[in-house]
Amino acid sequence: MKIWQTKPSDENFARRLADDLHLPALLARVLGGYGFSNVGEVARFLAPQLREVSDPFLIPGMEAASARIWRAVENKESILVYGDYDVDGIAGAALLAQVLRRLGAGALTVCLPDRLEEGYGLSPAALQRGFKRGKPDLIITVDCGITAAEPAEFIRAAGIELVITDHHEPGNVMPAAAAIVNPKLGGPEHLKMLAGVGVVFKLCHAMLKHGKKNKLPAAEIDLREHLDLVALGTVADIVPLLNENRIFVRRGLEQLNASNAPGWRALKEVAALKNRLDAYHLAFCIAPRLNAAGRLDTAETALELFLTGDENRARAIARSLDEANRARQKIEAEILEAATAEIDGYFKPDVHYGLAVGRRGWHVGVIGIVASRLSKRYHRPVVAIGFDEHGSGRGSGRSIAAYNILDGLNACRGLLKACGGHAMAAGLEIEEKNYQKFREDFNRAAEKTLKHKDLRPIQTINAWIKLNDISNENFKALELLAPFGQDNPRPVFAARGVKIAGKPRIVGRKHLRFNISDGRSTAGAIAFNRAEGAAETAARNITESLLDVAFQIRKNSFNGSENLELNVLDWRRTPPDGDPGLI
């Protein structure tokens, strides 16, 4: 059962917003709970502009990086762009490769590591594979490299220069490089939330500024044309959609929806996306297909989709990505079912605080997704591990807001071959012989932090409203808050004391569709994954009494018509005192 908490809203500030910015009262009330300090901040948030993007040279290392890359371009040096195998790395590598080609770079190669065989980051094995295509004079990393001290030495010993662009936390030893561009090393605080592709975009911006300042040829490029890739990588990497990320995604979605590029057309076709794309489509329709390539095969297939100009090739790649995604879903579902059955067999909320589950044969390309789903199901930090036939395991961990999963892994470091990541997501390597001890120690480490905390999930409410507040005018106004995503979720509303009108029905086998009424207005609603196995049971659970219903307002398109409906997130019996609770 969730804990309902209502975000407080500054009513005086909300009224001022409504008056000064001519906003509907509902939108102003929501914004009154966002923590803005003045009307100007709100105006900029609602209408983000590219002119507000900061100077790229505020990031340390940017001057040295742009100068070194320009020298490589002018001298026609051989360049290797080395990205990561996730969507952020793919998008960043594609962006940098496109810009370098337009600047007139000579021999250019793009290499992404194989997730299964070569692992994450600047891998010597992947580098050797890239060198077979032609030994480079300069390597530029995308979305990786900040902790790659040993691979950097391998590169230096080979007589190759290195420029690192990354956004991950640095390690204790900085890699040897001609330049390192990472906002985590300094500069404005808001730039620390950039995705890897965002750092690359800033690098490209710096290169153009450097080129114009020094009157270099081919420096006239409109970077706005490449913001579709920045939007894709930023959304897929689940970084906060605030500040410059918000600007990049808002403007990038405009570019994407206007794009006629073969890759985008092919992706929309296989994903059956016929209307305007938003951040939701990038996160849940496009990114999984691109990630599937790296999870089951090679991410370079997805990379090629954005670099090819051949329509037929783009369609073939998109179809293969779609097939890989279906295969990934099947593998993931099988592992998730087995993991859930195992945990359900022993799980006790007051005993198990950190969960670890593993098995031989589990595909390491999907265990991160499995860990994420398990963490949401049990509301605990979870590590999922796949072991090979030799007992060597690779795992992925996902956490909850109340716990830094790296603390748990560091407490077990003596049992691990390697580990790393950040507070909410991490990876590890472990031998099967240490697995049971790791499960015990990881649980004990999590218990020290979580034992006396209320671990029930929280249902945040932005505002309590009446059903007659649900209108096309208010929906259009609320869309000004988009793009929605990490740290900027779609607003959640709640209605008090409503009833189910008519009998709920099950759609799609596990979703519940029904109408709710407050006696004056009626609204259509859907509750995903809440059918609970039988229509009769589901209907009985929500029709016994007056209800409070928490929901998001969505637009449903069906058979050429569009209607507003409520995406129900939770419900409860209306408390006798009517107190909604406050954060």
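Residues numbered from 1 in each chain as written. Predicted model: local features only at pLDDT ≥ 70, side-chain atom pairs only at ≥ 80, totals over all residues. Heavy atoms only, no water.

Trainee: Sorry, what's going on with the nonpolar core here?
Mentor: Soluble globular proteins: nonpolar side chains tend toward being buried together. Ranked by size, the top nonpolar core spans 83 residues in total, and within it Leu100 and Leu290 carry the most contacts. Per-element tally for this core: the top contributor is helix H5 (residues 87–103), with 11 residues. If you look at the next biggest cluster of nonpolar residues, it comprises 41 residues, including Leu17, Ile500, Phe551 and Leu566. (Core = buried A, V, L, I, M, F, W, Y, C linked by side-chain atoms within 4.5 Å. Buried < 20%, exposed > 50% of the residue type's maximum accessible area, 1.4 Å probe, protein only. Helix = DSSP H or I, 4+ residues; strand = E, 2+ residues; numbered from the N terminus.)

Trainee: What is the right way to look at the layout of surface pockets in this model?
Mentor: It is a probe the size of a water molecule, rolled over the atoms, that shows where empty space is left. Space inside the second largest pocket adds up to approximately 240 Å³. Leu50, Val53, Phe201, His205, Leu208, Lys209, Lys212, Ile221, Asp222, Leu223 and Arg224 together form the lining of the second largest pocket. Residues that form the lining of the second largest pocket fall into these classes: six nonpolar, one polar and four charged. (1 Å grid on protein atoms, 1.4 Å probe; cavity = no way out; pocket = protein on both sides within 12 Å on 5 of 7 lines; lining within 4 Å. Points joined across faces, edges and corners; volume = space filled by probe spheres on them. Nonpolar A, V, L, I, M, F, W, Y, C, P; charged D, E, K, R; others polar.)

Trainee: Sorry if this is basic, but what is going on with the packing of aromatic side chains here?
Mentor: The geometry of an aromatic ring pair is captured by two quantities: the separation of the ring centres and the angle between the planes. Scanning all chains against the criterion turns up 12 aromatic pairs. Their ring planes at 80 degrees and their centres at 6.1 Å tell us that tyrosine 34 and phenylalanine 45 sit as a pair that is edge-to-face. Pair noted here: tyrosine 34 is in the loop between helix H2 (25–31) and helix H3 (39–46) and phenylalanine 45 is in helix H3, with a separation of 11 residues, a long-range link. Overall, phenylalanine 45 belongs to the buried group, its relative accessible area being 10%. Put simply, the rings of Tyr34, Phe36 and Phe45 pair up and form one aromatic cluster. The ring centre of phenylalanine 45 lies 3.7 Å from the NZ or CZ of arginine 246, which sits over that ring. (Phe/Tyr/Trp six-rings, centres within 6.5 Å; stacked < 30°, edge-to-face > 60°. Lys NZ or Arg CZ within 6 Å of the ring centre and 35° of its normal.)

Trainee: Would you explain the sheet that holds strand S3 (residues 108–111) in this entry?
Mentor: Whenever strands of a sheet pair, they do so through backbone hydrogen bonds, lying parallel or antiparallel. Across the sheet, which stays open at both edges, the five strands sit in the order S3-S2-S4-S5-S6 with parallel pairing between neighbours. Across the chains shown, the open sheet's two edge strands, defined by having one partner strand only, are S3 and strand S6 (179–181). Mean inter-strand twist for the sheet, computed between neighbouring axes without regard to direction, equals 15 degrees. Strand direction decides the pairing type here: strand S4 (residues 138–141) and strand S5 (residues 161–165), joined by three bridges, are parallel. (Pairing = 2+ DSSP bridges. Axes fitted to C-alpha atoms, helices over the stretch in contact; angles between N-to-C directions.)

Trainee: Just to check I follow, could you spell out the sheet that holds strand S11 (residues 425–431) for this structure?
Mentor: Read from one edge of the open sheet, five strands run S7-S8-S9-S11-S10, paired in mixed fashion. Strand pairing shows two members of the sheet lacking a second neighbour, strand S7 (355–360) and strand S10 (416–421), which therefore form its edges. Geometrically, the sheet is characterised by an average inter-axis angle of 15 degrees between neighbouring strands, direction not taken into account. Sheet analysis places S7 next to strand S8 (residues 382–387), joined by six bridges and oriented parallel. Across the sheet, residue alanine 356 finds its bridge partner in S8, namely valine 383. Sheet strands touched by helix H15 (residues 367–378): S7, S8 and strand S9 (392–398). Its angle to S9, the strand with the most contacts, is close to 45 degrees. (Contact = heavy atoms within 4.5 Å.)

This is a description of form; function is not addressed.
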